[in-house]
Amino acid sequence: MVNEPTSQNQPSSAATDPELEKLLGGAYDAPPVPRSLVKRIDRAIAAEWGEPPNLGEKRPARGKKTLLRQSRWIKSLPIAASVTLIVVLSVVFSGNSRAYGWAALVEAMQEQGVIQIDADDETRWLSISEGVLSHRSSSSSRFLDIEEGVILERDASAMIVRRHFLPENTEPALSRNQLVLGFLLGEPFRSEDSSHRLAGVRVVDESWKEITAIGSEQIALKVTFETNAFERIELNVTLDPETELPSSFELLDSNGDAKSLALSYPLTTVDELKTHDFPADLSIVDVNTNGDPTLQVAPNGPPATNFKAAANDLTTVETLNRDPLNPKPSRPPMFGAASDWKAVLPVTLPGDEVVKQINVLMKELWRKNKISPAAPASNEELMRRVYLDLVGRTPSVNEVRSYAGDKSANRYETLVDRLLKSPDHASHLATVWRTFLIPEGVDLTAFGGVQAFDQWLAERFASDDSYDEITRSLLLAEGRLSRSGPLLFYSAVKLDPEQLASRTARVFLGMRLECAQCHDHPFEPWSQEDFWSFAAFFAQISRPRGTLENVSTLMRVRDVDHGEVTLPETDTVVMPKLLDGSGISKDTQSTARRQQMAHWLTGSENPYFARATANRVWGQLFGKGIVDPIDDFGVQHEPKSAELLDLLAGHFINSDFSLRELFRTVVLSRAYRLSSGAETNDEERLDWFAQMNTKALTAEQVYDCITVATLLNTASPSGLDTFNVNRVGNSPRDAFIQQFRTPSGRMTEYQGGIPQALTLMNGGLIEGATGLSSSGLLKSLEAPFFSNKQRIEILYIATLSRQPHASEWKLLKDYISDDASGTELQEGLADILWALLNSAEFTLNH
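This is a predicted model, so every value here is computed, not measured. (Residues numbered from 1 in each chain as written. Predicted model: local features only at pLDDT ≥ 70, side-chain atom pairs only at ≥ 80, totals over all residues. Heavy atoms only, no water.)

(A) Focus on the overall build of the protein. A count of helical and extended segments in the protein gives 33 helices and 21 strands. Counting the 846 residues in the protein, one finds 53% classified as buried. Element-wise, carbon and sulfur atoms account for 50% of the exposed surface of the protein, whose accessible area totals about 38,200 Å². (Helix = DSSP H or I, 4+ residues; strand = E, 2+ residues; numbered from the N terminus. Buried < 20%, exposed > 50% of the residue type's maximum accessible area, 1.4 Å probe, protein only. Areas by Shrake-Rupley, 256 points an atom, 1.4 Å probe, with all protein chains shown as cover.)

(B) Spatial organisation of helix α11 (residues 351–368). Over its 18 residues, α11 extends 26 Å from the first C-alpha to the last, a length consistent with the 26 Å expected when each residue adds 1.5 Å. Along α11, the residues classified as buried are G351, V354, V355, I358, N359, V360, M362, K363, E364, L365 and W366. Residues of α11 that are buried make contact with β3 (132–137), β4 (141–145), α22 (609–622), α23 (642–654) and α24 (659–667). At the exit of α11 stands K370, carrying a positive phi of roughly 55 degrees. (Expected span 1.5 Å × (residues − 1). Contact = heavy atoms within 4.5 Å.)

(C) The arrangement of the nonpolar core in detail. W433, L437 and F534 are the most contacted members of the largest nonpolar core, which totals 155 residues. Broken down by element, the residue count for this core peaks at eight residues, all from α22. Not counting residues up to four positions away in its chain, the partners in contact with F534 are A501, T504, A505, L509, L513, K577, L579, M597, W600 and L601. Judged by nonpolar contacts, the second largest core, of 35 residues, contains I151, L179, I219 and L261. (Core = buried A, V, L, I, M, F, W, Y, C linked by side-chain atoms within 4.5 Å.)

(D) Geometry of a positive patch on the surface. Taken together, R480, R483, R556 and R558 make up a surface patch of like positive charges. With respect to the element layout, R483 can be found in the loop between β14 (479–480) and α18 (488–491). Judged by relative accessible area, R483 falls into the exposed class, the value being 59%. (Patch = residues over 30% accessible without salt bridge, like charges linked within 9 Å, V, L, I, M, F, W, Y side chains within 5 Å. Salt bridge = Lys/Arg side-chain N within 4 Å of Asp/Glu carboxyl O. Lys, Arg positive; Asp, Glu negative; His and termini not counted. Charge placed at Lys NZ, Arg CZ, Asp CG, Glu CD.)

(E) Broad picture of the environment of E793. Here E793 is to be found in helix α31 (residues 788–800). Considering only alpha carbons, one finds E793 and P804, eleven residues apart in sequence, at a separation of 6.7 Å. Once residues within four sequence positions are removed from consideration, E793 is found in contact with Q803, P804 and W809.

(F) Here's a closer look at the packing of aromatic side chains. A complete count under the given rule lists 22 aromatic pairs for this structure. Arranged with centres 6.1 Å apart and planes meeting at 80 degrees, the rings of F622 and Y672 form a pair that is edge-to-face. Taken together, the residues span a long stretch of sequence, with F622 in helix α22 and Y672 in the loop between α24 and α25 (683–687) at a distance of 50 residues. For F622, a relative accessible area of 2% translates into the label buried. (Phe/Tyr/Trp six-rings, centres within 6.5 Å; stacked < 30°, edge-to-face > 60°.)

(G) Spatial organisation of the pattern of salt bridges. Applying the stated criterion to the full structure yields 33 salt bridges. Between D417 and R664 there is a salt bridge whose closest N-O contact spans 2.7 Å. A residue pair is termed long-range when its members are at least 10 positions apart, and D417 in helix α14 (residues 411–420) and R664 in helix α24 qualify at 247 residues. Take D417: its relative accessible area is 27%, and that puts it in the partly exposed class.

(H) Region of interest: the environment of F652. Locating F652 in the fold gives a position in helix α23. The spacing of F652 and G351 is 301 residues in sequence and 10.0 Å in space, taken between C-alpha atoms. The residues contacting F652, other than those within four sequence positions of it, are Y467, A610, T613, F657, S658, L659 and L662.

(I) Structural detail: the packing of α22 against α24. Two elements in contact, α22 and α24, have axes separated by 10 Å at closest approach and are oriented at 50 degrees. When the interaxial angle is binned, α22 and α24 end up oblique. The two elements α22 and α24 meet at a crossing, and its hand is right-handed. Only L659, L662, F663, V666 and V667 of α24 make contact with α22, whose side of the interface consists of T613, A614, V617, W618, L621 and F622. Looking at side-chain class alone, the contact of α22 with α24 contains ten nonpolar, one polar and no charged residues. (Axes fitted to C-alpha atoms, helices over the stretch in contact; angles between N-to-C directions. Parallel < 35°, antiparallel > 145°, perpendicular 65-115°, else oblique. Left-handed = near helix turned anticlockwise from the far one by under 90°. Nonpolar A, V, L, I, M, F, W, Y, C, P; charged D, E, K, R; others polar.)

(J) Just the packing of helix α27 (residues 731–740) against helix α28 (residues 754–762), in detail. At a closest axis distance of 9 Å, the pairing of α27 and α28 adopts a crossing angle of 140 degrees. Accordingly, the angle class assigned to the pair α27 and α28 is oblique. Contacts from F736, Q739 and F740 of α27 reach α28 at Q756, T759 and L760. A class-by-class count of the residues in the contact of α27 with α28 yields three nonpolar, three polar and no charged.

Following this line, the structure appears as structure tokens:
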């Protein structure tokens, strides 16, 4: 029997169902349902179950909240009716209205670049992305760089006063609020009191409504802030509904005083503002901890005579005796041959502080090379990029909508943390690492294929095991080759000492030691004896004598007390010696050679292991390494920034060799978040990481992206808003990869040819993904509540993670009219989906 709720026993404030709320929130957007249909649903439910939900009395836009308030009533219906009602209402009341808020407004301002306010007798500028505030009046100029912790000040004299500070609050979401409000208030860290005034400022309330202003539709946004001192600041904003950029502000402080401000967006850069007010040829006055200013005279700069008086009222800081306007000290760089490199010093800073240091180093690198970085990537571009880089696939439609609907200031950081902890990250990373651990073209079918190896790596990455431990487990693996797993590393090179030495040096030390196998290295100071001394560590592994053409699954990998290597074409036995020149000590002679080598290789004193790993991760994310090629350290390929490489390597060591933390640090940096879509692809800008490289998708990524986009059964939902790709034991996937695989090369160069093009044009996977009877995506678009415009939007979001551009809409509307239906509509949508899957934008990571 069904217990039917009545208005008398229904609580006045019914608790909502979180699971139901999430389901409704993740539903596809749909247009408001005609009120006549809503009333018919009311009557039908009342006739069948005795009581209507009275949906016709509610406004359609409020339908979702109404449904949630009545979730207990829904649960009381029989299960079949409940499911039917939830499915109908999740589409009906999902709504397609756009929400506006402070976080989205700030993000739009950040993407815009430089923002200007003309107020009273001064002009102020703000760049959120670069963390810079500047102002200019008739009597003085001021330039505040949050990232570098530097304030530059100048009056009418030919002298610049510089002081350093530590931001009061380093939490990213709060500091961004402080930055914008300080800019609007006109007192951005002008004194110690002003920075304390905005400490901990946060949004406590916000609301918006549509208005008509100056003959056009606008959005009026009202935001209330509260500081740690419980001071309230109210902000009324008028913004453009499309760009979400504000045109004017009205500030109301706790005293009720109002201040109106008009914003503009000039075509200038931060560097141009800085150069205008603080020319490089002026003298610099730093202030030290004793209150005594220290003069720094710029080249060809005029002498300063009364600089002590100029700094009397400034907060004192430690003087940094460096070049003018270069606020950060440099760590000793790596110079010369890799054989002379010293150990990396651990960097004992929190991860967020390391990100700030990366930003400072990159900014200085661009300044020295006179490079203006590209604009920040759009929300859609960055989201798609980080999905492809961290989990090897594009986001699903629900994941795109979930991210777009998240208005929190730290939503990107939250997304990164979620992706790094997902099963897809572990399995994707396993695929990537296997590609350079196992040589190309090796048939491993007899050893169980790569599945067990991928599974072993994925499990280690999923549990966030330290990378030094993973490496030791791989290098010290024992057992019969039939067990596969980490032993595949040995099977693939037939237990050959020289191949093991070559592969180990490339992957874990970042150097091509095999160039010294037959003779001394032609470019680096590695001798032939150095190579064979390193190979000798793999000589004492059980294996038959002579050259092995093939290895058997019955063979066993274990350490033995015999086996040596000799120089080619000689009988000269070469004893094991590490690349730092040390040999086997008497105290460790009883320890197996592999164990001695693995202990040294993964130790923090090894000058190569942490640097090579940091460089490999950077290269994986940027398409090229700080040292490039990523596995060729030495005099031929100096690092773009030795300080940057050592900062990453030092943080990697300090995090106990956590790959997850290393990936997180890099993808949170400003350089990673730059756009790839500059007006011109400046090679110099790409070379110095001032614009993101466009990377070709791997065969594995192409397959996974297609299955997620088109809802094929090889990608399964793991929850209401996320997917997990089936990568292990997936025969169709393995077959596609074999067919689509391209020759190895640089990630930034497309290696595909006619076979790959034909596979995407008419291969079995594409046929299933775009077929009217097999495509899960096309089937879902048959729902009657979608307009044709919304169907097309969903195709774009599913494949390219964005809405169609205006120029694309012009073509699309001509191809599928608003009133198209039936077979004409279905075939038209299938054609559009096919075109999107075959587009360059889909097969590239930008």
